[in-house]
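One-letter residues, chain by chain:
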Amino acid sequence: MVNSKPLIAAQRFGLGARPGELSTIGDPRAWLETQVRGPGPTPPELASLSDSATILGGFLAARRERREEKKEGGDPVKQTVDLIRKQIVPHYLAQVEARTRIAVNTSAPFHERLVYFWTNHFAVSVDKPVVTGIAGALENEAIRPHVTGRFVDLLLAVEQHPAMIMYLDNELSVGPNSRLALMAARRRPDPKRKIDINENLGREILELHTLGVDGGYTQADVTSFARVLTGWSIGGGQGLLAAGKPGAFHFRENAHEPGSQRILGRTYRESGQEQGEAVLRDLAQHSATAHHLATKLARHFIADDPPAASVDRIARAYRSSDGDLKTVYAALLAEDAAWNPAPVKYKTPFEFVVSVLRAMAIEPPEGKKLAGSFEVLGQRTYSPGSPAGWPDTARDWDGADALMKRVEWSLAVAERAASVRDARTVANDAFGDAVSPATARAIGRAESNAQALALLFMSPEFQRR
Amino acid sequence: MLNRRHFLAGAVTTAALTVWKRPAFAAASTDSRLVVVILRGALDGLAAVPPVGDPDYANVRGALALGAAGSGENAALPLDRMFGLHPSLTGLHDSFKSGELLVVHAVASPYRERSHFDGQNVIENGGTAPSGSADGWLNRALLKLPPNPGRRELGLALGQNVPLILRGRAEVASWAPSILPNAGRDFLDRLADLYSDDPALSARLSEAVNVSDMVEADTSMDAPASAQQPKNDAMRPARDGFARLRQITANAGKLLAADNGPRVAVFDATGWDTHANEGSSQGALSPRLRGLDEALKSLRTALGPVWRQTAVVVMTEFGRTVQINGSRGTDHGTATCALVLGGAVNGGRVIADWPGLRTADLYQGRDLKPTHDLRAVLKGVLHEHLAIDPASLGRDVFPGSSSVAPLTGLIRT
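Residues numbered from 1 in each chain as written. Chains lettered and ligands numbered in written order. Predicted model: local features only at pLDDT ≥ 70, side-chain atom pairs only at ≥ 80, totals over all residues. Heavy atoms only, no water.

Moving on: the overall build of chain A. A tally of helices and strands in chain A yields 24 helices and four strands. Its C-alpha atoms give chain A a radius of gyration of 24 Å, within 12% of the compact-globule value 23 Å for 465 residues. In terms of its C-alpha atoms, chain A occupies a principal-axis envelope of roughly 80 × 55 × 40 Å. Looking at chain A residue by residue over its 465 residues, the buried ones come to 61%. The long-range share in chain A, meaning contacts at least 24 apart out of those at least 6 apart in sequence, stands at 74%. Working note: accessible area of chain A is about 17500 Å², and carbon and sulfur atoms make up 52% of it. (Helix = DSSP H or I, 4+ residues; strand = E, 2+ residues; numbered from the N terminus. Rg over C-alpha atoms; globule rule 2.2 N^0.38 Å. Buried < 20%, exposed > 50% of the residue type's maximum accessible area, 1.4 Å probe, protein only. Contact = heavy atoms within 4.5 Å. Areas by Shrake-Rupley, 256 points an atom, 1.4 Å probe, with all protein chains shown as cover.)

Next up, the structure:
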């Protein structure tokens, strides 16, 4: 299979060609670079979504209310499940639907793909109930505005987003010498209720978001960084935790561990919230961060095991531009390896579904059905199940059962969409003259248009980008 | 590689297919069954198998401590003078009493950092470093077994995709419940033809067809044979995570029990990363342990008489801090416990060279110190249960582990 540059631009860097897209691309590199020149207009699909503070604030208040009712009897587990189903899941489904609508209809698919790339880099997972309603909000509020800006701004926005704070338990991380800890010890001395830090956010920022696991930090760095981050929390609790806007990021001065901390050989003087921001700014400038991010971008766009020379050049562009992401993307697009005519990246379930809907030019179904599709295909949206995000290598996706699920899904969709478009037209719109003879033959011999469409969706050229 | 004979069989009638699928072969490569369960997220071994007899335990564990057996509603289930079992693990406690559960405590892989993902890589790749190996120890172990007749895969991943532990040269199958109608035979034949120049996709398709044949051949699983028919409830993926786990283990048991089916299976369960509100008898951890306990019970039931030939290993990437953190949970640690259970297991005991819980006893002053190597447990099971010789275990299956002697006496003789 040999793909032309416009097809590579649409398939590998974009989200799969919509009818007519291939002929509008022109110079493929210019087409892609234009898409990341700036943040672009806010997609209208996002207008009807609630913001994270409203969703989380409402959830926390309702949960508190139920807990008070619990004292008067009532089934707390059932009530929480009820609360999530009625109040939170509709937000989740609306976010999944909006995201997929944007992906299916966008004329800046490279820009969108980068949004999803960074969402996966800064993964939170909706299997934690408190995150269920706000994972999509992290993408829309913290990631979208900074995808074409500087990494440091993206990093700061994400680490101060309530979804990340709650996902990695930082709202409960309290300095053992903070005013809050000292006050609590005086009021109610209880050796069983220890007040201390929680390492989770500090560790994952170092390991996953910035330096990478081999980035040269130690356990002592993790612990010190966790102390620096004490106080990064959510507003609107009860009693001593009442300050701040409910459901929004709030720096709790009284929970912050006082004093200087040493991280990666550098001393950070006590400066409240600014202390953590200073660490993040230095982490964003670190050469290990440049290398880690370059590796992940190259893995996403070039190959599961990207060439070291490409990674080095992209990392250099990161360092010399002070982490300007536009410059980094340009360096990626300048790599010959990125234009390898053989499609080598096996699509993830989300990429597969979106590319089918784009090729067919059909709107996604409503949120519940859509979320069900992604779940059946093994990738429930915003649910990687771990802060490392979904793996970006084919061996994690190309299981036999996963392939069978794609077959079953393709048949079900093709059956319903058979009257919409002719499989030969769809193949031609999506691939131009790059449809392989085997696929053309399979389509030509199919017993029905539905079967032909399903074979096209399952063809090797459709499964890879 | 694509099994052409198999796809040609698709052209004949369903009745003929059913006959073809019956186990008309002699017994498969081994009668033993091995199931490996990976608990992703780092199970707190001090919570699952609490050392209630350690004089320092109650103090260091504070609000998370369980009481000694019989001490009230927060009491552990009794194992021996030192150890108890978390009260959610009632099924495992029965297994212990009947001599079918063995616990190895203060155990760790060779990995000594605290990244989940690297830690999981090490317990799956079977080496000493998180990267540099694209295949898993269980796949390499499969290569040491005589092949199954009929070229059926010996290894089965219970999920849509194959985890690292089971990736490698030996072909393996994967299976997960589905809500969608099955693809018809005609479509699969056409797709096999379309994939004939694509070795990767055609291998996957052939593996998938083999498993769906096994599932269809098993009338107790009762899947519809053709497309467009809705699936019955037993085959629909359950919504709730624990119910889904039980569904997977119940069906896995049936697949494993078949005479010419897989001999080795892997599944994983997530949600063990208890940084906050871990709880003791109640809390974040307790329902997860109960879910695991019930899943293992349903595996046992589904295996029926084959349970006698079965060993199940439950392992996790590392343990958690001995001390509680600021959010009534625990952070990433080092040593933890591993479980070996099954009708073939010489259980009813806890193997531990207990390091103690005082600060001076801990690894880096914070974690339970490892005194057993997880590879010794795994090598012991592979040697005694699947008859793989120790030399190849030390060389090929767990490279560089020849100095780590397999634990002996794990399996009944």
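Bringing the nonpolar core into the picture now. Membership of the largest hydrophobic core comes to 153 residues, with the highest contact counts inside it found for F13, W118, F151 and F225 of chain A. The dominant element in this core, judged by the number of residues it contributes, is helix α20 (residues 400-417) of chain A, at 10 residues. Leave out the neighbours within four places in its chain, and F225 of chain A touches G202, I205, L206, I263, V279, L280 and L283 of chain A. Counting 62 residues, the second-largest nonpolar core is a separate cluster that includes F83, L101, L156 and I248 of chain B. (Core = buried A, V, L, I, M, F, W, Y, C linked by side-chain atoms within 4.5 Å.)

This brings us to the side chain of Q219 of chain A. Mapping Q219 of chain A onto the fold places it in helix α13 (residues 219-228). Only 3.0 Å separates the side chain of Q219 of chain A from the side chain of R114 of chain B, close enough to count as a polar contact. (Polar contact = N/O pair within 3.5 Å; in protein donor to acceptor, adjacent residues only side chain to side chain.)

Attention shifts here to the interface of chain A and chain B. Interface size is commonly expressed as the accessible surface area that is lost when the partners come together. Taken together, the contact between chain A and chain B spans 57 residues of the former and 54 residues of the latter. Taken together, both faces of the contact between chain A and chain B bury some 4600 Å²; the carbon and sulfur share is 55%. Taken together, the connections running from chain A to chain B amount to four salt bridges. Notably, a salt bridge pairs D396 of chain A with R167 of chain B, separated by 2.6 Å at the nearest N-O pair. (Buried area = accessible area lost by both parts, 1.4 Å probe. Salt bridge = Lys/Arg side-chain N within 4 Å of Asp/Glu carboxyl O.)

Moving on: the packing of aromatic side chains. Residue and element names in this part refer to chain A. All told, the structure shown has 20 aromatic pairs over all chains when counted by the stated rule. Seen from their ring centres, F13 and W339 are 5.3 Å apart, and the 35 degrees between their planes marks the pair as tilted. Separated by 326 residues along the polypeptide, F13 in helix α1 (residues 5-13) and W339 in the loop between α17 (325-333) and α18 (349-360) bring together distant segments of the chain. Take F13: its relative accessible area is 0%, and that puts it in the buried class. (Phe/Tyr/Trp six-rings, centres within 6.5 Å; stacked < 30°, edge-to-face > 60°.)

Moving on, we get to the confidence of the model for chain B. Residues and elements named next belong to chain B. The predicted model of chain B has a mean per-residue pLDDT of 87, with 86% of residues at 70 or higher. Between residues 1-27, whose pLDDT stays under 50, and residues either more than four places distant or in other chains, the model counts 39 contacts. The low-confidence segment residues 221-230 (pLDDT under 50) makes 25 contacts with residues lying over four places distant or belonging to another chain. (pLDDT = per-residue confidence, 0-100.)

So, about the pairing of strand β9 (residues 336-341) of chain B. All names here are of chain B. Most of β9 sits out of view: six of its six residues are buried. The pairing of strand β4 (residues 101-108) with β9 spans five bridges and is antiparallel. Residue pairing in the sheet places V103 in a bridge with L339 of β9. The pairing of strand β8 (residues 310-316) with β9 spans three bridges and is antiparallel. Across the sheet, V312 pairs through a bridge with L341, a residue of β9. (Pairing = 2+ DSSP bridges.)

Our focus in this paragraph is empty space enclosed by the protein. Residues and elements named next belong to chain B. Within this structure, the stated rule accounts for six cavities of 30 Å³ or more. Roughly 70 Å³ of internal volume is contained in the largest cavity. In terms of lining, the largest cavity is formed by 13 residues, of which the most central are V107, A108, S109, T316 and E317. Among the elements that take part in the lining of the largest cavity, β9 stands out by supplying three residues, more than any other. In terms of residue class, the lining of the largest cavity is built from eight nonpolar, four polar and one charged. (1 Å grid on protein atoms, 1.4 Å probe; cavity = no way out; pocket = protein on both sides within 12 Å on 5 of 7 lines; lining within 4 Å. Points joined across faces, edges and corners; volume = space filled by probe spheres on them. Nonpolar A, V, L, I, M, F, W, Y, C, P; charged D, E, K, R; others polar.)

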